[in-house]
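Here are the chains, one letter per residue:
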Amino acid sequence: MNKEYEDESPRNQDVQEKLAQIAKDDHTLDPYEINFREEFLSGRGPREPFVNEYGVVIGDHMYDSPESPLNNWSKDTDPAVMSGDQWVHPFKDIGFHTRENRDYFERGIKPHSGMFMHPGEDAAYRMDLKVNDEDHGLEKRKDQ
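Sequence order as written defines the numbering, with residues in each chain counted from 1. Confidence filtering applies because this is a predicted model: local features only for residues at pLDDT of at least 70, side-chain atom pairs given and counted only at 80 or more, and all residues used for totals across whole chains, interfaces and linings. Derived side-chain values reflect all non-hydrogen atoms in the structure, with water molecules and hydrogen atoms excluded from consideration.

### Things to note about the pattern of salt bridges
Counted only if it meets this: The working definition used for a salt bridge is a side-chain nitrogen of Lys or Arg within 4 Å of a carboxyl oxygen of Asp or Glu. Think of it in three bands: with a 1.4 Å probe and only protein chains considered, a residue is buried below 20% of the maximum accessible area for its type, exposed above 50%, and partly exposed in between. The way it works is that DSSP assigns letters per residue, a run of H or I at least four long becomes a helix, a run of E at least two long becomes a strand, and they are numbered from the N terminus.
Evaluated as defined, the whole model comprises 5 salt bridges. With a shortest N-O distance of 2.8 Å, Glu39 and Arg37 are connected by a salt bridge. For Glu39, a relative accessible area of 47% puts it in the partly exposed group. Between Glu106 and Arg102 there is a salt bridge, and its shortest N-O distance comes to 2.9 Å. On the criterion of helical spacing, the pair formed by Glu106 and Arg102 is a turn pair, its members being 4 residues apart in helix H2 (residues 99–107).

### Observations regarding the environment of Trp87
Our working rule: Two residues form a contact once any of their heavy atoms are found within 4.5 Å.
Note that Trp87 resides in the loop between strand S2 (57–58) and H2. Overall, Trp87 belongs to the buried group, its relative accessible area being 14%. For the pair Trp87 and Asn52, spaced 35 residues apart in sequence, the C-alpha to C-alpha distance is 7.2 Å. Excluding its chain neighbours within four sequence positions, the residues that come into contact with Trp87 are Asn52, Tyr54, Val56, Ile58, Pro69, Val81 and Met82.

### Looking at the environment of Leu29
Mapped onto the secondary structure, Leu29 falls in the loop between helix H1 (10–24) and strand S1 (50–51). Taking the relative accessible area as the measure of exposure, Leu29 reaches 42% and is therefore partly exposed. Taking the C-alpha atoms as reference points, Leu29 and Lys92, separated by 63 residues in sequence, lie 9.1 Å from one another. In this structure, Leu29 is in contact with Ile34 and Asn35, ignoring residues within four places of it in sequence.

### Description of the side chain of Asn52
Using the following cut-off: Polar contacts, as used here, are pairs of N or O atoms within 3.5 Å; protein pairs need one atom able to donate a hydrogen and one able to accept it. Residues neighboring in sequence count only if both atoms are side-chain atoms.
On the secondary structure map, Asn52 appears in the loop between S1 and S2. Polar contacts involving the side chain of Asn52 include one to the main-chain carbonyl oxygen of Gln86, which spans 3.2 Å. Leaving out residues up to four positions away in the same chain, Asn52 has contacts with Ile58, Gln86 and Trp87.

Next up, the structure:
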């Protein structure tokens, strides 16, 4: 049971009961889990759901909590508040079901590098600038 989420409100008691039930039933793969290879199991973090620093349960698939920034959004909310590891469960995340992640975490096939690279050109460099570089704040290459 998660010790970080211990107050006596009915909502928090419901969350605690749900966390306890999920932990008790955690003997089978969850719909968002995959069969991780042995080398990816250690050091991942908790298998059971946890409560992040914002009071939102992560790993229970509800994704709808009164404490969530999504339910308290305003024009002043910085979207970065929902970035980072505290929003991702280390074992139960829909992203594990992508082909690339299944290949890597279940089969040990490393991702191909250069997914967005052109086979013969450095697509990140603008070789043929047809505008006045100074007008656009662009720097010329030193070898030009």
